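# Geometric and topological summary
Residue-level listing of the chains:
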Amino acid sequence: MSEKLIYTAGTSNRSVEEFIDILKTYNIKTVIDVRSFPASKRFPHFSKDSLDEILKKEGFEYIYLGRELGGFRKGGYEAYMKTEEFKKGIEKLEEIARSSLSLFFCAEKLFFRCHRRFISEMLSERGWKVLHIVEKDRVFEHKQSIIHQKSFDFA
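Since the structure is predicted, the reported quantities are computational estimates derived from the model, not experimental observations.

### Notes on the overall build of the protein chain
Scanning the protein chain from terminus to terminus reveals six helices and six strands. Reading the helices (α) and strands (β) of the protein chain from amino to carboxyl end gives β-α-β-α-β-α-α-α-β-α-β-β. Taken over the C-alpha trace, the protein chain has a radius of gyration of 15 Å; the compact-globule value for 155 residues is 15 Å, and the two agree within 12%. Along the first, second and third principal axes, the C-alpha set of the protein chain runs to 40 × 35 × 25 Å. Residue burial in the protein chain is summarised as follows: out of 155 residues, 51% are buried.

What follows is the structure in structure tokens.
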């Protein structure tokens, strides 16, 4: 893959069939979970173990990076972005996405309402094209914010 491209999405209240349809539509091969709490009572198909099993049956690879990149951080996510743990998580995410067309996801449907926007900012700064899938036919390219440009100095 010459262009560094990665997708994001939120599970929201989708059915598992809708989620898989989105993955297939965009030829996603690897699905990366960045939820700190990868369980759902309302949508049990999106609980970590269930989703892992469902995705494998459908031919996708499932990887959990919620420990490294999950939201709800003490002191806020922007402070967390300056840690070594976050840096390692971003590097791991990049390594996966370089070898396979990937999508990272959390539960929030809209990327600008959750920590996916911060991960996307970092990836944009590092030369990635980040595409946010809101609906199957509604995709937004991430535009780097002026506030965050060059605010993190690890290479």
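Having seen the structure, we can now continue with the description.
### Things to note about the packing of aromatic side chains
In the structure shown here, the tally under the stated rule is nine aromatic pairs. Both rings, one in Phe19 and one in Phe105, keep their centres 5.5 Å apart while their planes meet at 65 degrees; by these two values the pair is edge-to-face. Of this pair, Phe19 sits in helix H1 (residues 16-25) while Phe105 is found in strand E4 (residues 102-106), placing the two residues 86 residues apart along the sequence. Side by side, Phe19 and Phe105 carry an identical accessibility label, which is buried.

### Examining the packing of H1 against helix H2 (residues 48-57)
Where H1 contacts H2, the two axes come as close as 12 Å, and the packing angle between them is 50 degrees. Comparing the axis directions of H1 and H2 gives the class oblique. As H1 runs across H2, the sense of the crossing is right-handed. Mapping the contact onto sequence places Val16, Ile20 and Leu23 in H1 and Leu51, Ile54 and Leu55 in H2.

### What about the pairing of strand E2 (residues 30-33)?
Each regular strand displays side chains that alternate between the two surfaces of the sheet. Every second residue of E2 is oriented toward a common face, with Thr30 and Ile32 on one face and Val31 and Asp33 on the other, all of them buried. With four bridges connecting them, E2 and strand E3 (residues 61-64) associate as parallel partners. Paired with Val31 across the two strands is Tyr62, which belongs to E3. Taken together, E2, H2 and E3 form a β-α-β motif whose crossover is right-handed. Summarising the sheet, E2 and E4 pair through four bridges and their orientation is parallel. Counted as the bridge partner of Asp33 is Phe105 from E4.

Rules and cut-offs
Residues numbered from 1 in each chain as written. Predicted model: local features only at pLDDT ≥ 70, side-chain atom pairs only at ≥ 80, totals over all residues. Heavy atoms only, no water. Helix = DSSP H or I, 4+ residues; strand = E, 2+ residues; numbered from the N terminus. Rg over C-alpha atoms; globule rule 2.2 N^0.38 Å. Buried < 20%, exposed > 50% of the residue type's maximum accessible area, 1.4 Å probe, protein only. Phe/Tyr/Trp six-rings, centres within 6.5 Å; stacked < 30°, edge-to-face > 60°. Axes fitted to C-alpha atoms, helices over the stretch in contact; angles between N-to-C directions. Parallel < 35°, antiparallel > 145°, perpendicular 65-115°, else oblique. Left-handed = near helix turned anticlockwise from the far one by under 90°. Contact = heavy atoms within 4.5 Å. Pairing = 2+ DSSP bridges. Right-handed = clockwise from strand over helix to strand, strands pointing away.

The quantities given are spatial measurements derived from coordinates; they are silent on function.
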